Amino acid sequence: MALTDIPNIKYANSNNFFLLAGPCAIEGEDMAMRIAEKAITITDKLEIPYVFKGSFKKANRSRIDSFTGIGDEKALKILRKVSETFHIPTVTDIHEVADAEKAAQYVDVLQIPAFLVRQTDLVVAAAKTGKVVNLKKGQFMSPEAMQHAVKKVHDAGNQQAWITDRGTMFGYQDMIVDFRGIPTMRQYAPTVLDVTHSLQQPNQSSGVTGGRPDMIETIARAGVVNHVDGLFIETHFDPANAKSDGANMLHLDYLEGLLSNLVAIRKTITNL
């Protein structure tokens with residue numbers, strides 16, 4: 001598929017990586033608009049094709065008292081307002097078959113969470129909306145196995161699929177990125193590296209996932225050098241008080257410096 005197939009995408013012909021970035025979850029309208037505006041200012045400056053990311057609900061939580069959302073319709077309307085205000089595409093993840101058609105009315109890309117990427121009914125439901133389907137690679141799956149998830153989307157009549165690597169389980173409480181998987185998965189679909197989730201430290205005894213945000217630039221640089229098509233970065237202006245995944249998010253203040261470095265690396269390897 002071509003980036004130009006996505007409504008409102010900018011700089012599709014800039015020969016840059018594309019970017020999916022935003023908060024883990026939609027916590028409210030003001031925070032979503034603030035993050036989106038900052039990210040757009042940066043990506044316009046660097047000519048990076050940009051898709052705003054935000055989960056309208058969080059179904060996969062460690063504890064029953066963890067934040068799950070502000071209400072489905074309320075959050076989806078905020079995503080649509082971001083899109084309409086800034087004229088950019090948006091992406092959100094879905095967890096149930098019924099979510100596919102509901103979310104497709106508001107966003108441009110539907111994302112299948114890593115734990116659910118083998119759920120055939122969910123993948124097919126997303127594909128049948130005609131939206132781009134972003135397939136997160138399961139932490140338990142090989143890069144080669146992702147060809148079958150892509151084939152499900154194609155067999156449902158939709159040629160618009162991405163694969164996103166978000167790390168592989170390493171023991172009980174850590175993730176690791178196997179960069180050998182990037183060229184493998186790029187044979188099947190455009191491939192994105194989820195930088196921040198790859199640095200999660202799950203299954204903590206507290207029931208709150210940890211992370212290594214200090215390693216974000218290290219992982220992102222390696223992804224760009226290895227020719228990923230896109231990057232996925234969760235960012236927030238106050239990660240310490242974010243309602244979901246704050247431990248591995250990038251502080252919004254650091255986004256421009258990171259992306260500037262990554263664009264410079266991209267230009268260098270393009271000329272090699």
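Up top is the structure.
Residues numbered from 1 in each chain as written. Predicted model: local features only at pLDDT ≥ 70, side-chain atom pairs only at ≥ 80, totals over all residues. Heavy atoms only, no water.

A. Local environment of the overall build of the protein chain. Summing up its helical and strand segments, the protein chain has eight helices and 13 strands in all. For 272 residues, the compact-globule estimate of 2.2 N^0.38 gives 19 Å, and the C-alpha radius of gyration of the protein chain, at 17 Å, lies within 12% of that figure. Overall, the protein chain is about 50 × 45 × 40 Å in size when its C-alpha atoms are taken along their principal axes. Among the 272 residues that make up the protein chain, the fraction classed as buried is 54%. For the protein chain, the exposed surface amounts to about 11,700 Å²; the carbon and sulfur share of it is 47%. (Helix = DSSP H or I, 4+ residues; strand = E, 2+ residues; numbered from the N terminus. Rg over C-alpha atoms; globule rule 2.2 N^0.38 Å. Buried < 20%, exposed > 50% of the residue type's maximum accessible area, 1.4 Å probe, protein only. Areas by Shrake-Rupley, 256 points an atom, 1.4 Å probe, with all protein chains shown as cover.)

B. Quick peek at the packing of aromatic side chains. Within the structure shown, the criterion is met by one aromatic pair. Ring geometry for Phe18 versus Trp162: centroids 4.7 Å apart, planes at 35°, classification tilted. Of the two residues, Phe18 is situated in strand E1 (residues 18–22) and Trp162 in strand E6 (residues 161–165); the sequence distance between them amounts to 144 residues. Of the residues examined, Trp162 reaches a relative accessible area of 1% and is grouped as buried. Over the face of the ring belonging to Phe237 we find Arg34, whose NZ or CZ atom lies 3.8 Å from the ring centre. Just above the ring of Phe232 sits the side chain of Lys136; from NZ or CZ to the centre is 4.5 Å. (Phe/Tyr/Trp six-rings, centres within 6.5 Å; stacked < 30°, edge-to-face > 60°. Lys NZ or Arg CZ within 6 Å of the ring centre and 35° of its normal.)

C. Geometry of the pattern of salt bridges. Counted under the stated rule, the structure contains 17 salt bridges. The residue Asp99 makes a salt bridge to Lys102 at a minimum N-O spacing of 3.8 Å. One end of the pair, Asp99, and the other, Lys102, are both in helix H3 (residues 97–104), three residues apart, so they sit about a helical turn from each other. For Asp99, a relative accessible area of 2% corresponds to the buried category. Notably, a salt bridge pairs Asp229 with Arg186, separated by 3.1 Å at the nearest N-O pair. Separated by 43 residues along the polypeptide, Asp229 in the loop between helix H7 (216–225) and strand E12 (230–236) and Arg186 in helix H6 (residues 181–186) bring together distant segments of the chain. Looking at Arg186, the relative accessible area reads 38%, which means it is partly exposed. In this structure, a network of salt bridges that share partners links the residues Lys57, Asp72, Glu96, Asp99 and Lys102. (Salt bridge = Lys/Arg side-chain N within 4 Å of Asp/Glu carboxyl O.)

Purely geometric stuff here, so don't read any function into it on its own.
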